[in-house]
Amino acid sequence: MDWIERIAEVRRWSRGGERAPHKPLLLLYALGNFQRHGNGPIPFSAAEAELRKLLKEYGPPRDTSPGYPFHHLTNDGLWLVETRHGLGSPGPELGRLRDSEAAGRLHPDLARALAEEPGLLGRMARYLLDANFAPSLHTDLCLLAGLDLETLETLTETKKQRDRRFRDRVLMAYEYCCAFCAYDGWLDGAVVGLDAAHVRWWAFDGPDDVANGLCLCAIHHKLFDKGVIGLTAERAIAVSARFVGRSQSSRDMVLSLAGRPARRPQPGLDEVEQDHIGWHNHQVFRTPARG
């Protein structure tokens, strides 16, 4: 059985193409738990707070209940839920999951394969990361999910290969200068602290071309991928109203950027396409919660 194909076929809730990484986040959490403790049951009472944090930090901008993936992943043949009444999930409602003392674990067939096949856990985790999240988020996400990065870093294969020239083209287009704060830095003739950020994430069919790229310093790249910073249709910098920063550094590096025009690429090179800006605003940028 090809378990990578199985997780690639996980059914995801979708509405108008909205990013919905709820099940992948639970799988990453479960893989981390398996790596540390084996396939013992994970009580919902113990997992609820950690899943809520994963969903809040790495899910879509809208709030999502941790009960949703805990229950619905059972439909994909990868996850089992038991209660004090026996096998079977009571549903996604938090009260029912708590009251029934629900606990989940990886399907025994998957757990057996993970135990018998060296490297499978790393390959599954790497696939989930690459297929659902921007690369700048992988390290912190793994730490929060309890996954050992050393295992993941042994994997080099992916379903599709990134264009290695993307970074060079984007940094050159923006003259090796952060499009948000104008940082430029070099060490012994090599650029340092600058990244080529995808506006529409590569995991969601974002192309490796300049029209989908921004040259950003490392901190603004992370803030862009976390939804703290975005772009307006006029390519001005937007700062989420949900961001809180009290220090002078936060004011200087983030809050003061609001409304400023982002740096444009060199004349004759493509600016960020509106479709990619719209995707980022809808799927990543943290807008205020609706009433």
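Anyway, here's the lowdown on the structure attached to this text. (Residues numbered from 1 in each chain as written. Predicted model: local features only at pLDDT ≥ 70, side-chain atom pairs only at ≥ 80, totals over all residues. Heavy atoms only, no water.)

What about empty space enclosed by the protein?
- Scanning all chains against the criterion turns up two cavities of 30 Å³ or more.
- Approximately 50 Å³ is the volume attributed to the largest cavity.
- Of the residues in the lining of the largest cavity, the class split is six nonpolar, no polar and four charged.
- In this structure, the second largest cavity encloses a volume near 40 Å³.
- Looking at the lining of the second largest cavity residue by residue, the classes come out as four nonpolar, one polar and five charged. (1 Å grid on protein atoms, 1.4 Å probe; cavity = no way out; pocket = protein on both sides within 12 Å on 5 of 7 lines; lining within 4 Å. Points joined across faces, edges and corners; volume = space filled by probe spheres on them. Nonpolar A, V, L, I, M, F, W, Y, C, P; charged D, E, K, R; others polar.)

Let's talk about the environment of Gly278
- Tracing the chain through its elements places Gly278 in helix H13 (residues 274-283).
- Overall, Gly278 belongs to the partly exposed group, its relative accessible area being 35%.
- For the pair formed by Gly278 and Leu51, sequence separation is 227 residues and the distance between their alpha carbons is 28 Å. (Helix = DSSP H or I, 4+ residues; strand = E, 2+ residues; numbered from the N terminus. Buried < 20%, exposed > 50% of the residue type's maximum accessible area, 1.4 Å probe, protein only.)

Observations concerning the pattern of salt bridges
- Scanning the model with the defined rule gives 11 salt bridges in all.
- Where Lys23 meets Asp76, a salt bridge forms, and the shortest distance between an N and an O atom there is 2.8 Å. With a gap of 53 residues between them, Lys23 in helix H2 (residues 22-37) and Asp76 in the loop between helix H4 (67-72) and strand E2 (79-83) connect regions that are remote in the sequence.
- In this structure, Glu48 and Arg98 form a salt bridge, with 2.5 Å as the shortest nitrogen-oxygen distance. Residue Glu48 is located in helix H3 (residues 44-58), and its partner Arg98 is located in helix H5 (residues 94-99); the two are separated by 50 residues in the primary sequence.
- On the basis of relative accessible area, Glu48 is assigned to the buried category, the value being 11%.
- Connected through shared salt-bridge partners, Glu48, Arg52 and Arg98 make up one network. (Salt bridge = Lys/Arg side-chain N within 4 Å of Asp/Glu carboxyl O.)

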